[in-house]
Every structure is written in structure tokens, then in C-alpha cells.
Amino acid sequence: MITTMLDDFMVRAGLAGIGTALAASPLGCFVVWRRMAYFGDATAHAALLGVALSLALQGPVMLGVLAAALVMALVVQALSGRGLAEDTLLGVLAHAALAFGLVGVSFLSGVRVDLMGYLFGDILAVTRSDLALIWGGAAAGIGLMVWRWQRLLTTTLNPDLAHSSGISARVEHLVLTIALAVTVAVAIKAVGALLIGALLVIPPAAARPLARTPEAMALITAAIGSLSAVGGLGAAFQLDTPTGPTIVCMATGLFAISTIAGRLVRRDG
Amino acid sequence: MRLITATDLTLQQSGKTVLRDVDMHIDRGEIVTLVGPNGSGKSSLIKGLIGALPPVKGRVDTLRGLRIGYVPQTLHMDGLLPLTVSRFLCLPHRHSADAMQRALNEAGVPDLGRRQMRALSGGQFQRVLLARALLMEPDLLILDEATQGLDQPGAAAFYSQIAKVRAQLHCAVLMVSHDLHVVMAASDRVLCLNGHVCCEGTPDEVQDAPEYRALFGAGTQGAFAIYRHDHDHNHDHHDHHHA
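Residues numbered from 1 in each chain as written. Chains lettered and ligands numbered in written order. Predicted model: local features only at pLDDT ≥ 70, side-chain atom pairs only at ≥ 80, totals over all residues.

**A short note on the overall build of chain A**
- Each helix and strand in chain A was counted, giving 12 helices and 0 strands.
- Secondary structure elements in chain A, listed N-terminal to C-terminal, are α-α-α-α-α-α-α-α-α-α-α-α.
- The C-alpha radius of gyration of chain A comes to 18 Å, within 12% of the 18 Å expected for a compact globule of 269 residues.
- Taken across its 269 residues, chain A has 52% of its residues classed as buried.
- Look at the contacts in chain A between residues 6 or more apart in sequence, and 74% of them connect residues 24 or more apart. (Helix = DSSP H or I, 4+ residues; strand = E, 2+ residues; numbered from the N terminus. Rg over C-alpha atoms; globule rule 2.2 N^0.38 Å. Buried ≥ 20, exposed ≤ 12 C-beta atoms within 10 Å, placed from the backbone. Contact = placed C-beta atoms within 7 Å.)

So this is what it looks like as C-alpha cells:
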């Protein structure tokens, strides 16, 4: 029965969207808490460079994206704190990666590349093997975050506090970097390189007014992300709009609602 | 027994040497205070001791299994991270509700467990930081200007809480503070820093030392006589320039 369900492209798309949202939720919380939004963008834009490289080398796209995102994140980490302000550095690297990726793809004359698919995602074209990769990547990313959760939280609060308990802030930063690369690789099919940043930041921002603890915020983020994915998919189907952007619009709507609700509740309390 | 020993320790922050050739140690149960002008390397020394700042020269040796309870200057809490006091106390190790309540009692803030960290006053916040450090069952409690942002009565109350806690736990205490006369009175040993160890000894010895007077003036009752030295000073002369 499950196999016949997976024959339906809408079911596959829904599962891909939920998997992506789940993968992005704990990481997205840290992106918000640590003010890493630009870092997420830079990593995501590098993904396009990874697409170009893997097509040129005729390797699996998701592996190329994973490698490029990881390299980008490590380069940012290595260069930060050495002269240029962080946002300038990230701006340079993010746009450079996007531009070089676009130029690189244009050189691939032999293959027909669906560029729009990689920029904005093509969730309706998700295959079964894509689905396996998305859920496998999501499981790996979430597993990594759950394993390091306490350490990551302590480091986020204060690196010195972490060091005094024998936790290396550098190692934990590396954990986040790897999780980010995995999430970008997972998400590129669903929302595309340009909107991964939105999926990382908007659901946690929407969850924030509703949560009292970090764990609650991560769970609410997962719920809001999944709701956005399924709702956006349905809306895109009804309205015949591009799916990835519709998912992001849906998440933004939920963000607006929760922010207003949070304000009202706080006024009463 | 030596808990922690720094030997010939030299530390750099973003390429600049902030502290050189430091030899110091802390024994079980003693209270050691770091004093010195702004930028003299007090916080850097603490970062070096807890391993947050790797030495460019020299070494730090800690007793095997040493438990450090660290109270930072402050935590930057913005509105983005929701965190109740009891959740904060469980970082990085989880504790039972009983243990948390005991720590909050010891720190003098028994009723705050369910509050958001962000909603605390300055004094409450520092005491919650202290409670978290106590939950580590520390051999060594490190306080890095833990009374920054508190008024003088608040700071005095905080230090008397520290004295009580130490009497109960028999842990060593390493403090950095600007409130010289308050902390020095309570210390077994004082280290005066200014890019290196200027002088050290009992509070009385240090207050009489010419190096200390060169930094803080002869009338050491003035707890807030903090100068900034932008050049390598000369201990023998009192007519150096202040930036």
C-alpha cells in the first residue's frame, strides 16, 4: 500500500517537504539563536557551485552540493575574525559562490540543466530515491543535533562557560557547520538554493513567541515548518504557483500570525 | 593540594600579547583575587586557565578531574533564545529538581526556577549564574567580575553569599573584581596584574607593595581608582602618563 501511495507525486512531494522542514528545524533554531542567518545563505548559495561541479564530473548532485556547502562553511569559519567584518565576508562569499555557480552551469553545454529547478526547487519532481536521500539526510542531521544538543546550547550561551566544562566551542561550531551542509543538501530539491535560508530562519522565528524552552521552540519549529510545507504544497497546486516560494509564503504567514498572537498574549499576562 | 598551575604562561588575544610569563597556582580551599587596571589581562588569564584561550607559550596544568564552576561577567541574553532558569541550570549537565532547588537556595534566589532568564534583574541574574556554578559541585569557583552592573550594596551582598557558599563547599575561589577593598579583604592571596604579574601576596602585602601603589595610588581606600596604562610602565616612578 505504501508503495502505491508513493506512486502519487503529491504524496512524494509532501513527504519531501516534511522531511526538509524537520531537518531544518533544530538547526534553524541555532541559526536564529546564534545570528547565523547570513552564514546559512552563504552555505546555500555555495550549493549551486556544487551542482555545477557534480554535473561537470557526472557525480550525484546531492553529494556535490554537500561537499560545496561544507567547503564554503569551513572557508567562512577559517576566514572570520581576520580583518573583514563578518557580514562583509559572508556577503562576498555568498554572492561569489552564486555567481561562479551560475557561470559554471552555463559552461555545461552537453547537459541540459534545469537551472530554475536548482534555484527555486522542484519538489513536484521528487523521485523515490530523492525521498530516501532527503529522509536519510534529515535523520542524520537531526541525530547529530540531538546528540550534541546540550553542548551546542551551552556554547551558544557563552563559549567560556562551555570551555569551563570541558566543551570545545570550535568543535561545536564544526558540528553546526556539518549539520548546515547536510541540511542544505537535503533542502535544495524542495525549496532550491535561493530559499533555503528562508526555511532555516522563518519557522524558528514563528515558533519563538510560543516557546518557553529551547526544546519547545525546536518542536514548534518542526510543526510550523511541516505545516508550511504541506500547506504551501496544497496552495501551490490550487493556485498554480511555484511550489518552493509558496511554501516560504505560507511560513511567513504563520510567522505573522504567531508574532501577533505572542504580542496579544503578553499584553494579557 | 594544587588545583591548577600556570607556568610561564603567555597569552594573546587577536594577535596581541595581553599577558606574559605568568606563574601562578591555586590550592584547594583558598581564595585568590586578581586585581589590575582595565586591559591588564585579568579576564584573559581566566580564559587561559579554563582553556578557552590556548597559550602561545607556557602551560596550564589542572588536577585530574578538576570541577570548575564558572560565573562569567555576564551572559548576553537576547530575546531570541527562550530559557527558563531551571532549564539554564541544566546546562551542560542535567540535574534533579531537588538539586536545582538546593542550588537556588544556596545562591539566595529560591523562587526563580520558573522565570525566564531574560526577565531577571541584574542581581538575580548573577545569583542564578552562581547557582549553576554550584550545581557543578566545583573544586574551584571562578568569578569574572561577577558583580559588574550591581550597585555597591548588591555587590557586597553577593560577596557575602560567596563567602557563605565557600564555607559550605570548601571549594577554592578565584575572583576578578574592580571592587578592590571588598574582595581583597576576603582574599587569602592577591595577584596584581598589568600585562604580567606585578606583585602578589596577602592583601596587606600587596597593598603596601610599590608596584600596586604605582597602579592604584597610595590611598588604596579609593576602590575605584582605575587607571589605564597604554605603555609599559616603570614601577619606580610615579610620574608616568595616563591615556
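Still more ground to cover, so stick around.
**Quick notes on the interface of chain B and chain A**
- Contacts between chain B and chain A engage 17 residues on the former and 21 residues on the latter.
- For the side of chain B that touches chain A, the secondary structure elements donating two or more residues are helix H1 (42-50) and strand S5 (68-71) of chain B.
- Taken together, the residues that form the side of chain B that touches chain A break down as 13 nonpolar, 2 polar and 2 charged. (Nonpolar A, V, L, I, M, F, W, Y, C, P; charged D, E, K, R; others polar.)

**A few points about the sheet that holds strand S8 (residues 189-193) of chain B**
Residue and element names in this part refer to chain B.
- Spatially, the 6 strands line up as an open sheet ordered S5-S6-S7-S3-S8-S9, and their pairing is mixed. Of all the strands in the sheet, just S5 and strand S9 (197-201) have a single pairing partner and so form its edges. Put simply, the sheet's adjacent strands are angled 15° from each other on average, direction ignored.
- Relative to S9, S8 runs antiparallel, the two sharing 4 bridges. From the neighbouring strand, Leu 191 faces S9, where its bridge partner is Glu 200.
- Here helix H4 (residues 122-135) sits on the sheet and contacts S5 and strand S6 (140-144); the angle it forms with S5, its principal contact strand, is near 170°. (Pairing = 2+ DSSP bridges. Axes fitted to C-alpha atoms, helices over the stretch in contact; angles between N-to-C directions.)

**Here we look at the environment of Val32(B)**
All names here are of chain B.
- Inspection of the secondary structure puts Val 32 in strand S3 (residues 31-35).
- Note on Val 32: 20 C-beta atoms within 10 Å, which makes it buried.
- Distance in space between the C-alpha atoms of Val 32 and Pro 203 is 9.9 Å, their sequence separation being 171 residues.
- Those residues in contact with Val 32, other than ones at most four positions away along the chain, are Ile 26, Leu 174, Ser 187, Asp 188, Arg 189 and Leu 191.

**Description of the confidence of the model for chain A**
- Scored by pLDDT, chain A has a mean of 88; 96% of the residues are at 70 or more.
- Of all the helices and strands in chain A, helix H1 (residues 2-5) of chain A carries the lowest mean pLDDT, 68, while helix H11 (residues 214-239) of chain A carries the highest, 95. (pLDDT = per-residue confidence, 0-100.)

**Overview of the pairing of S8(B)**
Residues and elements named next belong to chain B.
- The element S8 is extensively covered by neighbouring structure, given that 4 of its 5 residues are classed as buried.
- Bridge count for S3 against S8 is 4 bridges, and the pairing is parallel. For Thr 33, the partnering residue across the bridge sits in S8 and is Val 190.
- The antiparallel pairing of S8 with S9 creates a hairpin that spans 3 residues between the two strands, and Gly 195 there sits at a positive phi of about 80°.

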